[in-house]
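Each chain, letter by letter, is given below.
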Amino acid sequence: MSVAEALRRLPAVDALLGEEAALALCAQYGRETTVAALRDCLQQARVALRAGDGQEPTRESLLGRAAAQLAQRFRPGLRPVINAGGVILHTNLGRAPLAPAAIQAMAQVGGHYSTLEYDLERGARGSRLIHCEEALCELTGAEAALVVNNNAAALVLLLATLARGREVIISRGQLIEIGGGFRVPEVMAGAGARLVEVGATNRTRLADYENAIGPDTALLMRAHASNFRMSGFTEETPLAELAKQAHARELLLVDDLGSGALLDTADFGLLHEPTVMESLAAGADLVAFSGDKLVGGPQAGIIVGRSEPLAALRRHPLARALRADKLCLAGLSATLGLWLRGQALTQIPIWRMIAREAGELRAVADNWARRLGGEVLAGESAVGGGSLPGATLPTWLLALEVAQPNEFLAGLRAAEPPVIARIAEGRVLLDPRTVLPDEEGALLAALECALRP
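Let me begin by describing the structure that accompanies this report. Because the structure is predicted, anything quoted here is derived from the model rather than measured. One numbering rule holds for all chains: residues counted from 1, following each sequence as written. Owing to the predicted nature of the model, reporting of local features is limited to residues with pLDDT of at least 70; listing and counting of side-chain atom pairs is limited to 80 or more, with chain, interface and lining totals taken over all residues. Note that the side-chain values use all heavy atoms of the structure and ignore hydrogens as well as water.

**Observations concerning the sheet that holds strand β14 (residues 422–424)**
Here comes step 1: A pair of strands is labelled paired if DSSP reports no fewer than 2 bridges between them. Numbering of helices and strands starts at the N terminus; helices are DSSP runs of H or I of at least 4 residues and strands are runs of E of at least 2. Taken together, the four strands give an open sheet; going across it, the order is β11-β12-β15-β14, and neighbouring strands pair in antiparallel fashion. Two strands close off the open sheet at either side, each with one partner strand: β11 (375–382) and β14. The mean angle between the axes of side-by-side strands here comes to 45°, regardless of whether they run parallel or antiparallel.
Here comes step 2: Across three bridges, β14 lies against strand β15 (residues 427–430) in antiparallel orientation. Bridge pairing in β15 places Ile423 opposite Val428.
Here comes step 3: Any pair of residues with heavy atoms lying within 4.5 Å of one another is described as a contacting pair. Each axis is a line fitted through C-alpha atoms, taken for helices only over the stretch in contact, and angles between the N-to-C directions span 0 to 180 degrees. Here helix α18 (residues 358–372) sits on the sheet and contacts β11, β12 (392–400) and β15; the angle it forms with β12, its principal contact strand, is near 5°.

**Remarks on the packing of helix α4 (residues 31–51) against helix α5 (residues 59–73)**
Here comes step 1: Put simply, α4 and α5 touch, their axes get as near as 9 Å, and they point 125° apart. The orientation of α4 with respect to α5, classified from their angle, is oblique. Where α4 crosses over α5, the two elements pack in a sense that is right-handed. Contacts between α4 and α5 involve Thr33, Thr34, Ala37, Leu38, Asp40, Cys41, Leu42, Gln44 and Ala45 from the first element and Leu62, Leu63, Arg65, Ala66, Gln69, Leu70 and Arg73 from the second.
Here comes step 2: When residues are grouped by polarity, Ala, Val, Leu, Ile, Met, Phe, Trp, Tyr, Cys and Pro land in nonpolar, Asp, Glu, Lys and Arg in charged, and all others, Gly among them, in polar. Grouping the constituent residues of the contact of α4 with α5 by class yields nine nonpolar, four polar and three charged. Roughly parallel here means an angle under 35 degrees, roughly antiparallel means over 145, roughly perpendicular means 65 to 115, and every remaining angle is called oblique. Crossings are sorted by hand: turned counterclockwise from the far helix by less than a right angle, the near helix makes the crossing left-handed, and turned clockwise it makes it right-handed.

**Focus: the side chain of Glu167**
Here comes step 1: Inspection of the secondary structure assignment puts Glu167 in strand β5 (residues 167–171).
Here comes step 2: Exposure classes here rest on a 1.4 Å probe applied to the protein chains alone. A residue is buried below 20% of its type maximum, exposed above 50%, and partly exposed in between. Overall, the relative accessible area of 18% leaves Glu167 in the buried class.
Here comes step 3: Pairing of N or O atoms within 3.5 Å defines a polar contact, subject to two protein rules: one partner must be a possible hydrogen donor and the other a possible acceptor, and residues neighboring in sequence count only if both atoms are side-chain atoms. At 3.3 Å, the side chain of Glu167 and the side chain of Thr217 are in polar contact.
Here comes step 4: Excluding its chain neighbours within four sequence positions, the residues that come into contact with Glu167 are Arg194, Val196, Ala212, Asp216, Thr217, Ala218 and Leu219.

**A word on the environment of Leu220**
Here comes step 1: Its location among the elements puts Leu220 in strand β7 (residues 217–223).
Here comes step 2: Take Leu220: its relative accessible area is 0%, and that puts it in the buried class.
Here comes step 3: Sequence separation between Leu220 and Val168 is 52 residues, and the spatial gap between their C-alpha atoms is 5.8 Å.
Here comes step 4: Setting aside chain neighbours within four positions, we find Leu220 in contact with Ile169, Ile213, Leu242, Gln245, Ala246, Leu251, Leu252, Leu253 and Val254.

**Focus: the pattern of salt bridges**
Here comes step 1: The salt bridge criterion pairs a side-chain nitrogen of Lys or Arg with a carboxyl oxygen of Asp or Glu, the two atoms within 4 Å. Counted according to the given criterion, the structure contains 21 salt bridges.
Here comes step 2: Between Arg9 and Glu56 there is a salt bridge, with the nearest N and O atoms lying 3.0 Å from each other. Within this pair, whereas Arg9 is found in helix α1 (residues 3–9), its partner Glu56 is found in the loop between α4 and α5, the two being separated by 47 residues in sequence.
Here comes step 3: Beyond isolated ion pairs, a larger network of salt bridges with shared partners links Glu117, Arg125, Arg128 and Arg323.

Structure (structure tokens):
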């Protein structure tokens, strides 16, 4: 058959649109979008035929190409992945997966009108600021609480409200850099506060703060090193001593905890992470921390502490710009409810992962090995995500020997859903600790497909 004859035999768009498969595409993607995809596939077929690079396509193949093109076009950039890499709070993978109760609460509020800023008892406008405050105060013992959209926003609001144009004293060893290259000094400058750094990188004493206090000082600040750890010849002023000094000079003490532990992490074989309750008990006036790290909720910045300074924060114009939306508040409220009911270790995914026993993980890894082959090895899971720097938990790993490990990982990332794993000593490692219970079937199916000759 000549090229000209093959070109004439190509079906028209209208003819393709009559096919059942095309009608399904129109229902899913819209008629105009489907027509454009079919035209594009036909044009590609014409180019290939004229170049002698292709055979005459069938209607089925043209519709299949259009379906693949449309699926690729409308595939969301933000989508779920299976984390088999063993980092519990993986910043690049969205940090804490949410508890079912949080997901349900967000879906209910998102799919309906809600009481976001409506008081049902009075039948009048209410405040979104109340939805998580009672739970936060009950959990931490604080007088008041405020939720904004992330912890960096919390810090900006604190500084802009309480220290704009004035001095903030902080240890030189606490001038940390957080994710995305943002640094505490830059955050302070952006909020209009003047940084006064004291002490040395590795040692800061109480006298360093005392000597730096002047008429323009607004507050003392501690920034907890939640994403790195300093060891060796070091000294840090205890928070209780800082609080005593700040209050003696009629200053505020702000503690930027970052990770926001609500229980003793040492109970799980980890180093002790300062808790929010400990900071308040030590005398901090305001404590800021994240909602999506050790709290295990959606991205949020949480500020708890004394009522008077928090009232000033609520009145600041930035409070509106940085406020949390209804989905965040719904998810966080549900997550806090799990903490209040004592269900964090069984219902909040990251704490269920942290609390998993090594024997249980060994059994899972053994089951994987029986199905896929490979070797089961002792290993370590990382807490990660700007919490408990360098902290790991013992786990059991499935190690797979493959010819091209990097290509194998690329294939796993192209699966649906994508799978994230890691390589060590030339082998692909998979950690069951970070695989959610309802993901195991999809994980094993993706691995079987990738291992198939």
